Amino acid sequence: MEQEKFDYYIKTEKNSWEVVIGLEVHAQVISNSKLFSGSSTKFGSEPNTQVSLVDSAFPGMLPVINQFCIEQAVKTGLGLNAKINLLSIFDRKNYFYADLPAGYQISQYKNPIVGEGEVTLDMPYGSKKIGIERLHLEQDAGKSIHDLSPDNTFVDLNRSGVALMEIVSKPDLRSPSEVNSYVKKLRTIMRYLGTCDGNMQEGSLRADVNVSVRKKGETKFGTRCEIKNVNSIKFMEMAIDSEARRQIELLESGKSIEQETRLFDTKKNLTRSMRSKEEAHDYRYFPDPDLLPLQINQSFIDNIKNNLPELPDQKKNRFIKKFNLSPFEANVLVSDLDISKYFEDVIKNSDIKLAKNWVIVELFAVLNKKNIDISNSPVSPQNLALLINTISSGEISGKIAKKVFEIMVETGDDPTKIIKEKGLKQQSDPKELEKTIIKVLENNLDKVSEYKSGKEKLYGFFVGEIMKATSGKGNPKIINDILKEKLKK
Amino acid sequence: MSDFNKKSLSEFVNLIKSKKTSSLEITNHFINNIKQSKKLNSFITTCFDQAIKSAKEFDSKKNSSGLLAGVPLAIKDLFCTKNIRTTAGSKILENFIPTYESTVTNNLWSEGAILLGKLNCDEFAMGSSNETSYFGNTINPVGKDLVPGGSSGGSASALAANLTPATIGTDTGGSIRQPASFTGTVGLKPTYGLCSRWGIVAFASSLDQAGPMTKNVEDCALLLEAMSGYDEKDSTSINKKKENYSTNLNEKIKGLKIGIPKEYRIENMPQEIDNLWKKGIDILKKSGAKIVDISLPHTKYALPTYYIVAPAEASSNLARYDGVKYGYRSKKGKNLIEMYENTRGEGFGDEVKRRVLIGTYVLSSGYYDAYYLKAQRVRQLIKNDFDQCFKEVDAILTPSTPSSAFKIGEKTNDPISMYLNDIFTVPVNLAGIPAISIPAGHDKKGYPLGLQLISRALNEQKILNIALAMEKNISFKQSLDRWWE
């Protein structure tokens, strides 16, 4: 198959424009307790029930680092093939807001825990490496709720202090679909590692998107705008396209781009200015004097490294080599840890070639239609393996198998039970089939003579009639053999 | 009863432990003294009912153990006390009642002490005269028109006036040692990290340290032993075994080398201070210590460094007082920003505002490198100076303050001259090392003066021992006529 070429340039009457994108992804760390307090991180609890004196910044309260969150950050860093910094520093990012109880957020500014790394994307035009600038740990703020009362804002501090990893990419992304692929890849890696559940509806994964444009061939970057807090991949793609077009329009009409922070209006599909560079906050970062510099040793890192699970890229290569899958098939099957597990469970006891098609084509169609995750699939991997084995052994045909599968989807039943109960077992007795074939031919003597006089297209008609007579259960191979023999005479 | 006014903390503990007197009797004595001390204004809150109840409970127990068995104590109002109002001397926390107890005070209660009340202090511990308190200035029992020093001015005043047998303060730039010096009492600033900061209203996190304020060195060792210790809730707390300062206290200082830093001989230093210093040197010599001239070359940068680092941290630490969650909230303002502005404008006093402004400025983008970063580098140099000297000497002797207690209102309009009061105490905080101030004499007006002993980190025992030896030979006497009663 010939490879496609990258072709995301925004073309106007005058020019062809390249879009340059960098992402700051905020990923909530999977951890039972917060980054600097023992409060629970459970999502969806009653407002202000998961809040300690530290999270609400009472006088004299002090942060104590949650060791597990450090492990999670290091693990994620290793998953991004990144440099882990043995010394990192927590800083205070100072600003006033009602849902920021201390008046500062504890973050890492100049010395993050994870340095440069990279992520490989599989695009239709080949694989592409996206540089990771850094990953740092920080606290989440609380939530301001403005729509409960016309006069008041309510504050929910449950999220205040929850650990986030901010993963900053280099400006290596060039299209909405690369962003789509990048975010999905990050999410897959973190789900494999168990460091972030990637649930965008619950806000566990959100991103600030930096967009600039330049004429195709230009090597200097244009002025960028940052689109804050976009919480779905679809909106990221829409926001990038819309923002890029806005910038191009400005540039082509002789105006310049102001570096600023913008918000994406999902209803109007437009970005609008949130604050200009002049209005930008001065966060007055400085090292948090309540926390000592974070020092980790190489053996801590090595220990995590030695216990890392197989990562998506490694699994993909193994699938290609060991199971003889195409890169595309392997990609689809490793894109989600649960899918890959399901697939490996199926092929434990069944034919790989049949299994990959059944999973990728038949099962995915059902899951998509019903909008359910593979972990909730009505067809268990064991049952799918059984079904595949009945095909391999010739017990039922592929066509009947689809019928059985439909029933399995509805009932979750064992396929052998369905085949038995519904009497769907393939008819493979040559004597029985011969009787049926003779009967069909006798009922269609005119067609038989037409066939014999050269109208060979009618062969399919005979097969169809025989299948009808066997209610579709006739073994096609045996029917073929007998039918050909009979028609020769 | 009047005999009680001559007793030290250690003596009270012994009286109670030997059942010669009861906790209740002593508690009532101090309550009585406090009730007659309104003129001093050293208390912000008293909790007599609770104290009497606790004393009775203590007396009814068979086993009267604990380093501070049954002794009532008043403490600086910067320590959060469970169910007892804690104001930090500020309007913004005027009605704040914590639901939790600071680690240090909790340590005191675990050793058997009883809370008498909360002592006045400069607002958020920012001040050297106790004049920035929202609850009015505290008077120095030494003289009607004198400040007690600050920020632990209420603590020093109450201690000197026998309103508490001992007390604790906090020291960010001299806030224990300077008021101790001004009131003729003993005050120790421990090594940074020796006492937990958990539950103490923060001023400047990298400098704040709680410490004992007592009548004599023996009490100081006892109280330090009771209050110190590792706390996993404070990430800057030092994880080490608790020391027995009181049992290890001795006056054997023969052969110790004591450094005299030439940089502390500042311009325009009163002759009396210089004489006091010489007196201290002579006493040390007589006790068998060896005097060594040393140099701490970066001393002159300590004050400007302190007045960048401390306000920077304070500006961030005080951001939480915004009227949203607890504390004072202005009723004025149409939106969130106006509510913030009015709350903080009305809730904070001038000195706090001044420091928040300075701190915000030095951390601002474009100024950070020139001020905060440079100050941090200088801080390291100051630390290195001390490290270098402690290779040679066991301790350093300096005056505690460049003057005796000044008059109320004398320096309120001159912040620089007020800040200069901390010139001998501030370097120690920047270096994170321990220092003690002991009363060493009087000036010609009869006001007490203190000498300061400094040593390397975690060397509290050594300065306590030297202080004890000096105390014996100085024979400092202070008799106040209790004019306030």
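Starting from 1, residues in each chain are numbered consecutively following that chain's sequence as written. As a convention, the first chain written is A and the first ligand written is 1, with the rest following in written order. Side-chain atom pairs in this predicted model are given and counted only at pLDDT of 80 or more, local residue features only at pLDDT of at least 70, and totals for whole chains, interfaces and linings cover all residues.

## Remarks on the overall build of chain B
Thinking step 1. Where helices and strands are cited, they refer to DSSP runs of H or I of at least four residues and of E of at least two residues respectively, numbered from the N terminus. Of regular secondary structure, chain B possesses 15 helices and 11 strands.
Thinking step 2. As a reference, a globule follows 2.2 Å times the number of residues to the power 0.38, and the radius of gyration itself is taken over C-alpha atoms. Computed over its C-alpha atoms, the radius of gyration of chain B comes to 21 Å, within 12% of the 23 Å expected for a compact globule of 485 residues.
Thinking step 3. C-alpha atoms of chain B, sized along the principal axes, occupy 65 × 55 × 45 Å.
Thinking step 4. Counting other C-beta atoms within 10 Å of a residue's own tells you its class, since 20 or more makes it buried, 12 or fewer makes it exposed, and anything in between is partly exposed; those C-beta atoms are placed from the backbone. Burial analysis of chain B (485 residues in total) assigns 59% to the buried set.
Thinking step 5. This entry defines residue contacts through backbone-placed C-beta atoms, with two residues in contact when those atoms are within 7 Å. In chain B, 77% of the contacts between residues at least 6 apart in sequence involve partners at least 24 apart.

## Here we look at the overall build of chain A
Thinking step 1. Counting secondary structure elements, chain A contains 15 helices and 16 strands.
Thinking step 2. The C-alpha radius of gyration of chain A comes to 30 Å, more than 25% above the 23 Å expected for a compact globule of 489 residues.
Thinking step 3. Projected onto its principal axes, the C-alpha positions of chain A cover 95 × 55 × 50 Å.
Thinking step 4. Looking at chain A residue by residue over its 489 residues, the buried ones come to 38%.
Thinking step 5. Counting contacts in chain A only where the partners sit at least 6 residues apart, residues at least 24 apart contribute 68% of the total.

## Looking at the nonpolar core
Thinking step 1. Residues of type Ala, Val, Leu, Ile, Met, Phe, Trp, Tyr and Cys that are buried and joined through C-beta atoms within 7 Å form what is called a nonpolar core. Among the nonpolar cores identified, the biggest contains 207 residues, and A:Val209, B:Val71, B:Leu73, B:Ile436 and B:Ala467 are the most heavily contacted of them.
Thinking step 2. Not counting chain neighbours up to four residues away, the residues in contact with A:Val209 comprise A:Ile21, A:Leu23, A:Ile227, A:Val230, A:Met236, A:Ala239 and A:Ile240.
Thinking step 3. Ranked by size, the runner-up nonpolar core spans 32 residues in total, among them A:Phe319, A:Val346, A:Ile391 and A:Ile418.

## Overview of the sheet that holds strand β3 (residues 114-119) of chain B
All names here are of chain B.
Thinking step 1. We call two strands paired when DSSP finds no fewer than two bridges between them. If you trace the three strands from one edge of the open sheet to the other, you get β1-β3-β2, paired in mixed fashion. Of all the strands in the sheet, the pair left with one neighbour each is β1 (43-46) and β2 (72-76). Across the sheet, the mean angle from the axis of one strand to that of its neighbour is 30°, orientation sign disregarded.
Thinking step 2. The pairing of β1 with β3 spans three bridges and is antiparallel. Bridge pairing links phenylalanine 43 to leucine 119 in β3.
Thinking step 3. Axes, fitted as lines to C-alpha atoms, cover a helix only where it is in contact. Angles between the N-to-C directions of the axes lie from 0 to 180 degrees. Packing against the sheet, helix α2 (residues 23-35) makes contact with β1, β2 and β3, and its axis sits at approximately 15° to β3.

## Quick look at the domain arrangement of chain A
Thinking step 1. Parsing chain A into structural domains produces domain 1 (9-305), domain 2 (310-422) and domain 3 (430-488).
Thinking step 2. Taking the mean C-alpha position of each, domain 1 of chain A and domain 3 of chain A sit 67 Å from one another. Residue ranges assigned to the domains are those given by an automatic or database domain assignment.

## Some thoughts on the interface of chain A and chain B
Thinking step 1. With 24 residues of chain A at the contact, the number on the chain B side is 32 residues.
Thinking step 2. Any residue that is not Ala, Val, Leu, Ile, Met, Phe, Trp, Tyr, Cys, Pro, Asp, Glu, Lys or Arg is counted as polar, Gly included; the first ten are nonpolar and the last four charged. Each residue belonging to the side of chain A that touches chain B can be placed in one class, and the counts come to 16 nonpolar, four polar and four charged.

## What to know about the confidence of the model for chain B
Thinking step 1. Per-residue confidence for chain B averages 96 on the pLDDT scale, and 100% of its residues sit at or above 70.
Thinking step 2. Here the complex is predicted with pTM 0.91, and the ipTM for its interfaces comes to 0.96. Every residue is assigned a pLDDT by the predictor, reflecting its confidence on a scale from 0 to 100.

## Here's the deal with helix α7 (residues 217-227) of chain B
Thinking step 1. Most of α7(B) is tucked away, with 11 of its 11 residues classed as buried.
Thinking step 2. Among the residues trailing α7(B), B:Gly229 stands out with phi positive, at a value near 135°.

## Observations concerning the sheet that holds strand β15 (residues 286-287) of chain A
For sheets, the rule is that strands pair by backbone hydrogen bonds, running either parallel or antiparallel.
All names here are of chain A.
Thinking step 1. Overall, antiparallel pairing links the three strands, which are arranged β5-β4-β15 in an open sheet. Each edge of the open sheet is held by one strand with a lone partner, namely β5 (104-107) and β15.
Thinking step 2. As defined by bridge partners, strand β4 (residues 91-94) adjoins β5 across four bridges and the pair is classed as antiparallel. Within β5, the position partnered with arginine 92 by the bridge is isoleucine 106.

## Regarding the environment of B:Glu243
Thinking step 1. Relative to the helices and strands, B:Glu243 is located in the loop between α7 and β7 (257-261).
Thinking step 2. The residues contacting B:Glu243, other than those within four sequence positions of it, are B:Glu225 and B:Gln461.

## As for the packing of helix α1 (residues 67-79) of chain A against helix α4 (residues 298-306) of chain A
All names here are of chain A.
Thinking step 1. In contact at an axis separation of 10 Å, α1 and α4 are set at 65° when each is read in the N-to-C sense. Crossing handedness for the pair α1 and α4: right-handed. Counting all contacts with α1, which are made through Glu71, Val74, Lys75 and Leu78, the residues of α4 involved are Ile301, Ile304 and Lys305.
Thinking step 2. Considered class by class, the residues forming the contact of α1 with α4 number four nonpolar, no polar and three charged. Note on convention: the crossing is left-handed when the near helix lies turned anticlockwise from the far helix by less than a right angle, right-handed when the turn is clockwise.

## What about the packing of helix α10 (residues 398-411) of chain A against helix α11 (residues 415-422) of chain A?
Residue and element names in this part refer to chain A.
Thinking step 1. Interaxial distance between α10 and α11 falls to 10 Å at its minimum, and their mutual angle equals 115°. If you check the angle between α10 and α11, you find them roughly perpendicular. Considering how the two elements wind past one another, α10 and α11 form a crossing that is right-handed. Contacts from Val404, Ile407 and Met408 in α10 reach Pro415, Ile418 and Ile419 in α11.
Thinking step 2. Here the residues of the contact of α10 with α11 sort into six nonpolar, no polar and no charged. Reported orientations rely on four angle classes, namely roughly parallel under 35 degrees, roughly antiparallel over 145, roughly perpendicular from 65 to 115, and oblique for the rest.

## Thoughts on the pairing of strand β13 (residues 260-265) of chain A
Look at any regular strand and the pattern is simple: side chains alternate between the two faces of the sheet.
Residues and elements named next belong to chain A.
Thinking step 1. With two bridges connecting them, strand β12 (residues 225-230) and β13 associate as parallel partners. Each bridged residue has a counterpart across the sheet, and for isoleucine 227 the counterpart in β13 is arginine 262.
Thinking step 2. Place the viewer so that the strands point away; then a crossover is right-handed whenever the path from the first strand over the helix to the second strand goes clockwise. Once the chain exits β12 it traverses helix α3 (residues 233-252) before rejoining the sheet at β13, and the crossover so formed is left-handed.
Thinking step 3. Across six bridges, the pairing between β13 and strand β14 (residues 270-276) is antiparallel. Counterpart to leucine 263 in the pairing with β14 is arginine 272.
Thinking step 4. In sequence, β13 turns back onto β14 through a hairpin of four residues, with asparagine 269 there showing a positive phi of about 55°.

## Side note on unusual backbone geometry
Thinking step 1. Residue B:Ser151 is reached from B:Gly150 by a cis peptide bond, and omega for that bond is 5°.
Thinking step 2. On the secondary structure map, B:Ser151 appears in the loop between β3 and α5 (153-160).
Thinking step 3. The residue A:Ala57 is not glycine, and still its phi comes out positive at about 55°.
Thinking step 4. Mapping A:Ala57 onto the fold places it in the loop between β2 (16-28) and α1.

## Thoughts on the pairing of strand β11 (residues 448-454) of chain B
Residues and elements named next belong to chain B.
Thinking step 1. Most of β11 sits inside the fold, with seven of its seven residues counted as buried.
Thinking step 2. Because side chains alternate across β11, one face comprises the buried residues Pro448, Gly450, Gln452 and Ile454, and the other comprises Leu449, Leu451 and Leu453, equally buried.
Thinking step 3. In the sheet, strand β9 (residues 395-399) pairs with β11 via four bridges, with the strands oriented antiparallel. Bridging across to β11, proline 399 finds its partner in leucine 451.

## A word on the environment of B:Pro261
All names here are of chain B.
Thinking step 1. Its location among the elements puts proline 261 in strand β7.
Thinking step 2. You can call proline 261 buried: it has 22 C-beta atoms within 10 Å.
Thinking step 3. C-alpha of proline 261 to C-alpha of alanine 88: the two residues are 173 residues apart in sequence and 35 Å apart in space.
Thinking step 4. Apart from the residues lying within four places of it in its own chain, the contact partners of proline 261 are Ile294, Ser295, Leu296, Thr299, Ile396 and Thr398.

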